[in-house]
Protein chains: 2
Amino acid sequence: MAAQRRIDLALDSVRRLQRIGATANLLNLLQKQHPADLAQIFSELPDRDREATFSLLAERNGRLAMEAVSELGPEAGAGLLATRPAEEIAKLAQEIPSDDAAALIDYLPDELSAAVLDLMRPKQSGEVENLLEYDEQTAGRIMNPHVFALNEDLTVGEAITELQTNREVEMVFYLYVVDERTHLVGVTSLRRLLLVSPETPLKRIMATDLISARVDMDQEEVARQVASYNLLAIPVVDEENKLVGVITVDDVIDVIKEEATEDIYRLAGVAGDERAFTPAGESLRKRLPWLGINLATAFMAASVVALFEGTIQQITALAVFMPIVAGMGGNAATQTLTVIVRGIALGELTWSNSRKALIKEAAVGVGNGIVLGIAAAIVVWAARGNPVLGLVLGAAMLINLIVAATAGTLVPLGLRAANIDPALASSVFITTLTDVFGFFSFLGLATVFIRFLA
Amino acid sequence: MAAQRRIDLALDSVRRLQRIGATANLLNLLQKQHPADLAQIFSELPDRDREATFSLLAERNGRLAMEAVSELGPEAGAGLLATRPAEEIAKLAQEIPSDDAAALIDYLPDELSAAVLDLMRPKQSGEVENLLEYDEQTAGRIMNPHVFALNEDLTVGEAITELQTNREVEMVFYLYVVDERTHLVGVTSLRRLLLVSPETPLKRIMATDLISARVDMDQEEVARQVASYNLLAIPVVDEENKLVGVITVDDVIDVIKEEATEDIYRLAGVAGDERAFTPAGESLRKRLPWLGINLATAFMAASVVALFEGTIQQITALAVFMPIVAGMGGNAATQTLTVIVRGIALGELTWSNSRKALIKEAAVGVGNGIVLGIAAAIVVWAARGNPVLGLVLGAAMLINLIVAATAGTLVPLGLRAANIDPALASSVFITTLTDVFGFFSFLGLATVFIRFLA
């Protein structure tokens, strides 16, 4: 059965059991769900039902309830917890790994998060506080500090015994090997342990050319390493190369999705952390600045049009067609910009090969300009019966599409070289440029050839 | 040492050794690289050097050379292979797993790929041909058909012996358990085997509620399952629930990146498979249709302006400010559209909670409209000394931003309900709508209040 259908059925049952007040059956059903499915069920329930369902489950099976809250994502998860007393949140937070707890607690209102940390058991709250001390979006912030490591002086037989006695350690893909001062010195795997005799020292079978992440490494770089070397987990070390945590591939997948969302959003002028159900007031505050900048640049473009009011006064048809030149420039520039920004994000585009990209984009711009310029010229000639008006429009479009291609390539590469996120600022720059050049080339050419247009 | 710096140093050495013709040293250096690093080195070299370097490595260490080609991605990888004779490609393709070989061979020119399949050993070419029979972007197409499975009647001790003798099986995270007719019946892990006595039958310790993918499942759905259940691999079964392959999390990461790129591109009207270095002619062919549609819709919007040529004739200032109303609508609509499209892609937005999203976006639209409308009105009043012109512009902007918010929410949700990719078609619809409504509301209001504007 497809996952979505299974969840929909469960959701229907949850709604029905809640309506008729069949608490025992409801609890039974909830306990059978996977945390990820529970998270989706929570997110589809109306606010009040969600809280009631969560309360019911949290009382009986705090761990499962909190795992589901973690799967909701830190923002929505913290929103669900925030209505509860600090004592209860503290108790529940101890049910999940401290990296997940840290992500949730970080999103609680400041006072509440301080109270929760005070009320947690010192060991757990210490771990959470340690994690929260690392900068956001770094390896230290997202790592799990419970990393299973073996001393290099153990034999394979002793290592297997260690694994058998530490039953609570979950997800052991790689076995990291450390020296007596917990410096990371090597890695091996469970499978490798089975292929050699029990007396073999770990030192002899471990691989020493292992890839690790520093606590202060950007999470995007961590994700890139895990993805390009096909790792299942990456060990995290401090500045002295001491093993302090591990980041598993499931967390890396979350980072990759988050970074892709951020890139998509930035191209459209939306804050990276906005979601479909971010409250309206917050969305408004986040989106207004970008629209404000766009308004200012729109007035800049308008001032170019104002230069030619005299020409428009004589030939009002120019007002009809000028948005076409500006708009097509914007569309073509967006295509180029998107390919370039994504190429930078995927690591395919660097300064060294940027000349090749520029030549290609310019060629595409010329090609687009010729085809679309001729098409537009013919339409205008047919509509208005004036071939010169058509030629002026076609020529202006060709010019603007070349500008669009060039700027769409150079602006993001330039921003990247200046260490500014190219996705963030490019689209405002580019559309302003194509508006200004579009109006200027079209109205300018029209002014020059005005005696053929009247 | 950071990965990028390590690669840059290696790249410098490659260039230097190639220039002085130190083949033995160059080969030595290449052999020490990780396939992912080699792929990046290849991609940064000029075409001719890339082919020379690849040839050198392929002759000595075909597997490493082909692993690097795989990491380049199927399109670029096939491009590098396509200049070689079919015999050589066939020999090299046998060095890598058949799912990776299939991805590359699929991108070779048709004649060449047929010749390569003919020349491969029957077993391998059979596997590749089987994979290529599944539809693109399905589980069957991307799975690895070499999946390690254990019979349910084995004991734990026998299972460990199997693992020790099948040394070539790589990356065993989960041990899938099948019945005598290879139906998938359960899953266990290497670690679990170590925690029970060797006489225990696998049947007793395996988990039976396992998540699997059907061969025809869309790869995006496969990725969603692996990501939401935090799996390291997902078994692939045919319609009779027979185990036929496995998809590992590293392939899922590639799918997630590919799908994110596709979403980003579609919002900008770029084909999902275009890359920064797709040849100019091909890019042109791929981008022109979308620009052509945009040109047609731009003429539609222009025809709205044409309705008001009489008004513009009297008040040319309208021509100066009308692009602002249309443009701001487009910007605001793009913000809404992006949040909604991404919300759909991430599975956060469904029909059942779409009303809530619509109310939120409408509220944001009203808020944006009031703030920006007032700001624009004041600027125009100050610039032109006519308060009514300012009011007309402000009111038109408010109307258009509400239209933008509503359409930006409803159009993608509607396309989704009609099973059309919302990212694909939304942006053309939306910008046409905001252009038409922007021009109509601004010029319409101006026509109504024309006696206060002259």
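Fair warning: this is a prediction, and the values are worked out from it, not measured in the lab. (Residues numbered from 1 in each chain as written. Chains lettered and ligands numbered in written order. Predicted model: local features only at pLDDT ≥ 70, side-chain atom pairs only at ≥ 80, totals over all residues.)

**Brief notes about the overall build of chain A**
Broken down by element type, chain A carries 23 helices and six strands. In terms of overall dimensions, chain A is more spread out than a globule: its C-alpha atoms have a radius of gyration of 30 Å, far above the 22 Å expected for 454 residues. Taken across its 454 residues, chain A has 48% of its residues classed as buried. Within chain A, residue pairs in contact and separated by at least 24 positions form 69% of the contacts whose partners lie at least 6 positions apart. (Helix = DSSP H or I, 4+ residues; strand = E, 2+ residues; numbered from the N terminus. Rg over C-alpha atoms; globule rule 2.2 N^0.38 Å. Buried ≥ 20, exposed ≤ 12 C-beta atoms within 10 Å, placed from the backbone. Contact = placed C-beta atoms within 7 Å.)

**Considering the interface of chain A and chain B**
In this assembly, 91 residues from chain A lie in contact with 90 residues from chain B. Counting residues per element, the side of chain A that touches chain B draws most heavily on helix α19 (residues 317-345) of chain A, at 17 residues. Across the side of chain A that touches chain B, the residue classes tally to 54 nonpolar, 23 polar and 14 charged. (Nonpolar A, V, L, I, M, F, W, Y, C, P; charged D, E, K, R; others polar.)

**Remarks on the domain arrangement of chain A**
In terms of domains, chain A is made up of domain 1 (3-137), domain 2 (149-264) and domain 3 (280-453). Here the C-alpha centroids of domain 1 of chain A and domain 3 of chain A sit 48 Å apart. (Domains from an automatic or database assignment.)

**As for the nonpolar core**
With 214 residues, the main nonpolar core has Ile247 and Leu393 of chain A together with Ile247 and Leu393 of chain B as its most contacted residues. Excluding residues that lie within four positions of it along the chain, Ile247 of chain B makes contacts with Ala139, Ile142, Met143, Ala213, Val222, Ala233, Ile234, Val236 and Val252 of chain B. (Core = buried A, V, L, I, M, F, W, Y, C linked by C-beta atoms within 7 Å.)

**A word on the environment of Ala159 of chain B**
All names here are of chain B. Inspection of the secondary structure puts Ala159 in helix α12 (residues 156-165). Ala159 sits 16 residues away from Leu175 along the chain, and the two C-alpha atoms are 9.4 Å apart. Here Ala159 is in contact with Leu150, Leu154, Leu175, Leu193 and Leu202, once residues within four sequence places are set aside.

**Some points on the relation of the copies chain A and chain B**
Expressed as a screw operation, the relation of chain A to chain B combines 0.0 Å of axial shift with a rotation of 180°, fitting to an RMSD of 0.1 Å. The relationship between the two copies is best expressed as a two-fold rotation axis. Most of the interface of chain A is mirrored in chain B, where 99% of its interface residues again form contacts. (Least-squares fit on C-alpha atoms with pLDDT ≥ 70 in both.)

**Concerning helix α10 (residues 122-133) of chain B**
All names here are of chain B. Helix length check: α10 (12 residues) gives 16 Å between terminal C-alpha atoms against 16 Å at 1.5 Å per residue, within 8%. For α10, the complete set of buried residues consists of Ser125, Glu127, Val128 and Leu131. Down the axis of α10, the buried side of the element spans an arc of 155°, and every buried residue falls inside it. Summarising the geometry of α10, the exposed residues directed more than 90 degrees from the buried face are Pro122, Lys123 and Glu133. Buried residues along α10 sit in contact with α8 (98-107), α9 (110-119) and α11 (139-142). (Expected span 1.5 Å × (residues − 1). Arc of directions from axis to C-beta.)

**What to know about helix α21 (residues 387-417) of chain A**
Residue and element names in this part refer to chain A. Under the 1.5 Å per step criterion, the end-to-end length of α21 is 45 Å for 31 residues, consistent within 8% with the ideal 45 Å. For α21, a buried count of 22 out of 31 residues is recorded, marking the element as mostly surrounded by other parts of the structure. Asn419 sits one or two residues past α21 and shows a positive phi near 60°.

**Description of the packing of helix α15 (residues 219-228) of chain B against helix α16 (residues 249-267) of chain B**
Packed helices, taken two at a time, are described by the angle between their axes plus the distance between the axes. Residues and elements named next belong to chain B. Following both chains from N to C, one finds α15 and α16 inclined at 120°, their axes separated by 9 Å at the closest point. The angle between α15 and α16 places the two elements in the oblique class. The hand of the α15/α16 crossing is left-handed. Contacts between α15 and α16 involve Gln219, Glu220, Val222, Ala223 and Val226 from the former and Val249, Val252, Val255, Ile256 and Glu259 from the latter. (Axes fitted to C-alpha atoms, helices over the stretch in contact; angles between N-to-C directions. Parallel < 35°, antiparallel > 145°, perpendicular 65-115°, else oblique. Left-handed = near helix turned anticlockwise from the far one by under 90°.)

**Some words on the sheet that holds strand β5 (residues 233-237) of chain A**
Residue and element names in this part refer to chain A. Spatially, the three strands line up as an open sheet ordered β4-β5-β6, and their pairing is mixed. The two strands at the open ends of the sheet, each matched to only one other strand, are β4 (213-214) and β6 (243-248). Alignment of β5 against β6, held across five bridges, turns out to be antiparallel. Paired with Val237 across the two strands is Leu243, which belongs to β6. Against the sheet, helix α15 (residues 219-228) touches β4, β5 and β6, its axis set at about 135° to β5. Docked against the sheet, helix α16 (residues 249-267) engages β5 and β6, running at close to 65° with respect to β6. (Pairing = 2+ DSSP bridges.)

**Structural notes on the environment of Asp250 of chain A**
Positionally, Asp250 of chain A belongs in helix α16. The spacing of Asp250 of chain A and Gly186 of chain A is 64 residues in sequence and 23 Å in space, taken between C-alpha atoms.

**As for the sheet that holds strand β2 (residues 174-178) of chain A**
Residue and element names in this part refer to chain A. Pairing is mixed across the open sheet formed by three strands, whose spatial order is β1-β2-β3. If you trace the sheet from one side to the other, it starts and ends with β1 (149-151) and β3 (184-189), each paired once. Here the strands of the sheet are splayed against their neighbours by 35° on average, with no regard to which way each runs. Of the strand pairs in this sheet, β1 and β2 are connected by three bridges, and their pairing is parallel. Of the residues in β2, the one forming a bridge with Asn151 is Val178.

**Notes on unusual backbone geometry**
Residue and element names in this part refer to chain B. A positive phi angle, close to 65°, is found at Asn241, a residue other than glycine. Within the fold, Asn241 resides in the loop between β5 (233-237) and β6 (243-248). Residue Asn241 is classed as partly exposed on the basis of its 16 C-beta neighbours within 10 Å. A positive phi angle, close to 60°, is found at Asn419, a residue other than glycine. When you line up the elements, Asn419 lands in the loop between α21 (387-417) and α22 (422-448). Judged by C-beta crowding, with 6 C-beta atoms within 10 Å, Asn419 ranks as exposed.

**Let's talk about the pairing of β6 of chain A**
Buried residues dominate β6 of chain A, accounting for six of its six residues. Linking β5 of chain A to β6 of chain A, which pair antiparallel, is a turn of five residues; within it Asn241 of chain A sits at a positive phi near 70°.

**What to know about the packing of helix α4 (residues 47-60) of chain A against helix α5 (residues 62-71) of chain A**
Residues and elements named next belong to chain A. Across the interface, α4 lies against α5 with an axial gap of 6 Å and an inter-helix angle of 135°. As summarised for this structure, α4 and α5 are arranged oblique, according to the angle between their axes. Counted together, Phe54, Leu57 and Ala58 of α4 and Gly62, Leu64 and Ala65 of α5 form the full contact between these two elements. When its residues are assigned to classes, the contact of α4 with α5 shows five nonpolar, one polar and no charged.

**Digging into the pairing of β2 of chain A**
Residues and elements named next belong to chain A. Burial analysis of β2 places five of its five residues in the buried class, the great majority of the element. Burial along β2 is two-sided: Tyr174, Tyr176 and Val178 facing one way and Leu175 and Val177 facing the other are all buried. Pairing of β2 with β3 involves five bridges; the strand directions are antiparallel. Paired with Tyr176 across the bridge in β3 is Val187. Where β2 folds back on β3, the antiparallel hairpin that results is connected by five residues, among which Thr182 adopts a positive phi of roughly 60°.

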